[in-house]
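# Architecture at a glance
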Amino acid sequence: MERITIDIVSDVVCPWCYLGKARLDLAIAEVQGEIGVDVNWRPYQLNPDYPPEGVDQQKALAEKLGGKDNMDRAHAQLRELGSAVGIAFDFGAIKVGPNTLDAHRLIHWAGVEDRQIQDRVVTALFKANFEEGRNVGDPTVLLDIAEAAGLDRALVDALLTGDADKAEVRGEIEAARQMGVNGVPFLIFDQQYAVSGAQTPDVLAGALRDIARMKAEALAKLN
């Protein structure tokens, strides 16, 4: 069975990234048994200039999208797309637009433990922000998510209090930008093939099968 590694450049306050994750999960489920898939989550910040305490989300997003009407239209579209893959977007519940640096540090530490824990943390961060209106820039929220995912709360608390891995996360974000990533989600398959945006499950499953076939053909030529 071929194995494919997907590096996903993403931000936890990007609704298209949440949608993209749900769609990818469906695609992976579709190819289960024929292709092995390993997912690594990589950091990106849509709003790196937000202060640690965050901003007024409704006001900031309306300004960014050119007015409340535009924001409401975008949210209506996302709610419809989300409901098709089991996401109950509640944009009105999001009061704080957070700085996501600490959330990305938590994702990084979860990945050091193992991919399953990282996946649980990423899912919980998306759900907390987009479905529960919780502030994912708040250390207490991050600690609750870490503990529920199976991480040591006291250890994560000690790491969050300091500057552990801030430079590494910022470096990864800068590397993504230098690579040409200016929108997320951005998926890199086996460090060779890039797919941008929240593609549908059939497109993603097709990409996985195409890459697996190419790998098998390349291996056959070597033998």
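This one's a predicted model, so the numbers in the text were calculated from it and none came from an experiment.

## Structural notes on the layout of surface pockets
- Within this model, the largest pocket holds a volume of roughly 490 Å³.
- Together, 26 residues line the largest pocket, and Val13, Pro15, Leu46, Leu61 and Lys64 are the ones closest to its centre.
- Those elements that place two or more of their residues in the lining of the largest pocket are α1 (15-31), α2 (57-64), α3 (68-83), β4 (96-97) and α5 (115-130).
- Roughly 280 Å³ of internal volume is contained in the second largest pocket.
- Every residue along the wall of the second largest pocket is listed here: Ile8, Lys21, Leu24, Asp25, Ile28, Val37, Asp38, Val39, Trp41, Arg115, Gln116 and Asp119.
- Counting only elements with at least two residues in the lining of the second largest pocket, the list comes to α1, β2 (35-43) and α5.
- Residue composition of the lining of the second largest pocket, grouped by class: six nonpolar, one polar and five charged.

## Some thoughts on unusual backbone geometry
- With an omega of 5°, the peptide bond between Val184 and Pro185 qualifies as cis.
- Inspection of the secondary structure assignment puts Pro185 in the loop between α8 (166-178) and β5 (186-189).
- The residue Asp190 is not glycine, and still its phi comes out positive at about 50°.
- Here Asp190 falls in the buried class, since its relative accessible area comes to 17%.

## Quick word on the sheet that holds strand β6 (residues 193-196)
- Strands sit in the order β2-β1-β5-β6 across an open sheet of four strands; the sheet is mixed. Of all strands in the sheet, those bounded by a partner on one side alone are β2 and β6. Sheet twist, expressed as the average angle between the axes of neighbouring strands with direction ignored, equals 20°.
- Direction of pairing for strand β1 (residues 2-10) relative to β5: antiparallel, over a ladder of four bridges. Note on β5: the bridge partner recorded for Ile8 is Leu187.
- Each of β1, β2, β5 and β6 is contacted by helix α9 (residues 201-222), which is oriented at about 135° to β1, the strand it contacts most.

## Notes on the packing of aromatic side chains
- Enumeration over the complete set of coordinates arrives at seven aromatic pairs.
- Seen from their ring centres, Phe89 and Phe91 are 4.9 Å apart, and the 15° between their planes marks the pair as stacked.
- A residue is classified by how much of its surface remains accessible, and Phe89, at 7% relative accessible area, is buried.
- For the pair Phe89 and Phe130, a centre-to-centre distance of 5.5 Å together with 90° between the ring planes defines the contact as edge-to-face. With a gap of 41 residues between them, Phe89 in the loop between α3 and β4 and Phe130 in helix α5 connect regions that are remote in the sequence.
- Here Phe130 falls in the buried class, since its relative accessible area comes to 3%.

## Thoughts on the pairing of β1
- Across nine bridges, the pairing between β1 and β2 is parallel. Within β2, the residue paired with Ile8 across the bridge is Trp41.

## A look at the pattern of salt bridges
- Throughout the structure, instances matching the rule amount to 18 salt bridges.
- With a shortest N-O distance of 2.9 Å, Lys21 and Asp119 are connected by a salt bridge. Here Lys21, found in helix α1, pairs with Asp119, found in helix α5; they are 98 residues apart in sequence, far enough to count as distant.
- With relative accessibility at 30%, the residue Asp119 sits in the partly exposed group.
- A salt bridge links Arg213 to Asp210; its shortest N-O distance comes to 3.1 Å.

## Points about α1
- Taking 1.5 Å as the rise per residue, α1 with 17 residues should run 24 Å; its terminal C-alpha atoms sit 25 Å apart, in good agreement.
- For α1, the set of buried residues is Pro15, Cys17, Tyr18, Leu19, Gly20, Lys21, Ala22, Arg23, Leu24, Ala27 and Val31.
- On the buried face of α1, the contacting elements are β1, β2, α3, α5, β5 and α9.
- After α1 finishes, the residue Gly33 shows a positive phi value of roughly 95°.

Thresholds applied
Residues numbered from 1 in each chain as written. Predicted model: local features only at pLDDT ≥ 70, side-chain atom pairs only at ≥ 80, totals over all residues. Heavy atoms only, no water. 1 Å grid on protein atoms, 1.4 Å probe; cavity = no way out; pocket = protein on both sides within 12 Å on 5 of 7 lines; lining within 4 Å. Points joined across faces, edges and corners; volume = space filled by probe spheres on them. Helix = DSSP H or I, 4+ residues; strand = E, 2+ residues; numbered from the N terminus. Nonpolar A, V, L, I, M, F, W, Y, C, P; charged D, E, K, R; others polar. Buried < 20%, exposed > 50% of the residue type's maximum accessible area, 1.4 Å probe, protein only. Pairing = 2+ DSSP bridges. Axes fitted to C-alpha atoms, helices over the stretch in contact; angles between N-to-C directions. Contact = heavy atoms within 4.5 Å. Phe/Tyr/Trp six-rings, centres within 6.5 Å; stacked < 30°, edge-to-face > 60°. Salt bridge = Lys/Arg side-chain N within 4 Å of Asp/Glu carboxyl O. Expected span 1.5 Å × (residues − 1).

Spatial relationships are all this shows, so hold off on functional conclusions.
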